Amino acid sequence: MRNNIFKSNIHPSEITSKTLFESRRRWMQGSVASLAALALPQNIAHARDGVQFPVPIDRGKNKFSSDEEQTSYSDVTRYNNFYEFGMGKEDPFEQAHRLKTDGWKIQVVGEVGRPKTFDMDDILKLAPIEERIYRLRCVEAWSMVIPWVGFPLSKLLNEVQPTGNARFVEFVSLYDTEQMPGQKSPVLDWPYTEGLRIDEAMNPLTLLTVGLYGEILPNQNGAPVRIIVPWKYGFKSAKSIVTIRLTEKQPNSSWNLANPSEYGFYSNVNPNVSHPRWSQRRERRIGEFLKRDTLMFNGYSEWVADLYRDLDLTEYF
Ligand SMILES: Nc1nc2c(c(=O)[nH]1)N[C@H]1C(S)=C(S)[C@@H](COP(=O)(O)O)O[C@H]1N2
Ligand SMILES: [Mo]
């Protein structure tokens, strides 16, 4: 049942939505936790072209993974930010079935020795696919814990051989106003773009992500391939990317262009630097009632604090 949803191109809500999502929710939330484990597919199926490329997922212990309680599948896939499909939290769940992911390609260009266009099959073959349970902290002061499926972005970047001038990496999401009705509204400068410093992009925490909860990535979460940068606010994690460009100059990012005083280039999760309109000290974990303290670098200091040794994080927020 679970896989069939993604094999067909039918939007989950068009099937028996309520029952399906309620039963899924019960599986995930644990009363039948062991049954759920049995029901989880062992392979992630890339079924977007009507062909299936099963890929084994390494569910081994991962030092980067959080052991906190995971946010329910239903919340992870119904409460989203994906402005290409509207600004409401449930808009992506309702609208993202419009996205056609067949034959998807990512071109990797710019300051590289070997520019290359990867199709999904090339990408899935680049490195062992791992499950990583990461906290995602939105700038709006809510957070989730999500079992992502992917591999370190560094594996792809090494493949194209960055030149000595490659200091930054830019990510560009799909631009197609027919598939993405939200792009008809000028809330952001489309296409959605984001950027990282090259050392941030090469950090082993930065994930090229193709799935979640052991399944192929749902459209509303950025299918078929997105970036996840767990120590930064969620908006740095660009969805449905088609271009990765290595550059010498710091690239633009859509949110930074839209409002530079609210969204900086770095956007590291930092409880000590407030957003101009609200504090970043605390956050609401989706599914929980009481707020919790926000952790420096979203709890990933051990692996990333060194990247910012020489930076004043109040100025470079
Ligand atoms: N292309 C694109 N990527 C995007 C966004 C977006 O609107 N468009 N929203 C960002 C924001 S603000 C957040 S919090 C995360 C949300 O990821 P999720 O919906 O998978 O939880 O995606 C980020 N990536
Ligand atoms: Mo966000």
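That block above? That's the structure.
Definitions and limits used
Residues numbered from 1 in each chain as written. Chains lettered and ligands numbered in written order. Predicted model: local features only at pLDDT ≥ 70, side-chain atom pairs only at ≥ 80, totals over all residues. Heavy atoms only, no water. Buried < 20%, exposed > 50% of the residue type's maximum accessible area, 1.4 Å probe, protein only. Helix = DSSP H or I, 4+ residues; strand = E, 2+ residues; numbered from the N terminus. Pairing = 2+ DSSP bridges. Arc of directions from axis to C-beta. Phe/Tyr/Trp six-rings, centres within 6.5 Å; stacked < 30°, edge-to-face > 60°. Salt bridge = Lys/Arg side-chain N within 4 Å of Asp/Glu carboxyl O.

A. Focus on the pairing of strand β8 (residues 193-197). β8 sits mainly inside the fold: five of its five residues count as buried. Side-chain alternation along β8 places T193, G195 and R197 on one buried face and E194 and L196 on a second face that is also buried. Here strand β7 (residues 168-173) pairs with β8 via five bridges, running antiparallel. For F171, the partnering residue across the bridge sits in β8 and is E194.

B. Focus on helix α7 (residues 153-160). Taken as a whole, α7 has its buried residues at L153, S154, L156, L157 and V160. Burial along α7 is one-sided: seen end-on, the buried residues are contained in an arc of 160 degrees. Two residues or fewer past α7, Q161 is found with a positive phi of approximately 55 degrees.

C. Inspection of the packing of aromatic side chains at higher detail. Within the structure shown, the criterion is met by 14 aromatic pairs. Look at Y134 and Y300: their rings are 5.9 Å apart centre to centre, the planes differ by 75 degrees, and that puts the pair in the edge-to-face class. Placement of Y134 in strand β5 (residues 129-137) and of Y300 in the loop between β14 (292-293) and α10 (301-304) is noted, with a sequence separation of 166 residues between them. On the basis of relative accessible area, Y134 is assigned to the buried category, the value being 0%. The exposure class of Y300 is buried, given its relative accessible area of 1%. Aromatic side chains F168 and F265 sit 5.8 Å apart centroid to centroid with 80 degrees between the ring planes, which places their arrangement in the edge-to-face category. You can see F168 sitting in strand β7 and its partner F265 sitting in the loop between α9 (254-258) and β13 (282-285), a full 97 residues away along the chain.

D. Here's a closer look at the pattern of salt bridges. Here the structure, examined in full by the defined rule, presents 19 salt bridges. Salt-bridge contacts for R245 lead to E170; the nearest nitrogen and oxygen are separated by 2.6 Å. Of this pair, R245 sits in strand β12 (residues 241-247) while E170 sits in strand β7, placing them 75 residues apart in sequence. According to the relative accessible area criterion, R245 is partly exposed, its value standing at 31%.

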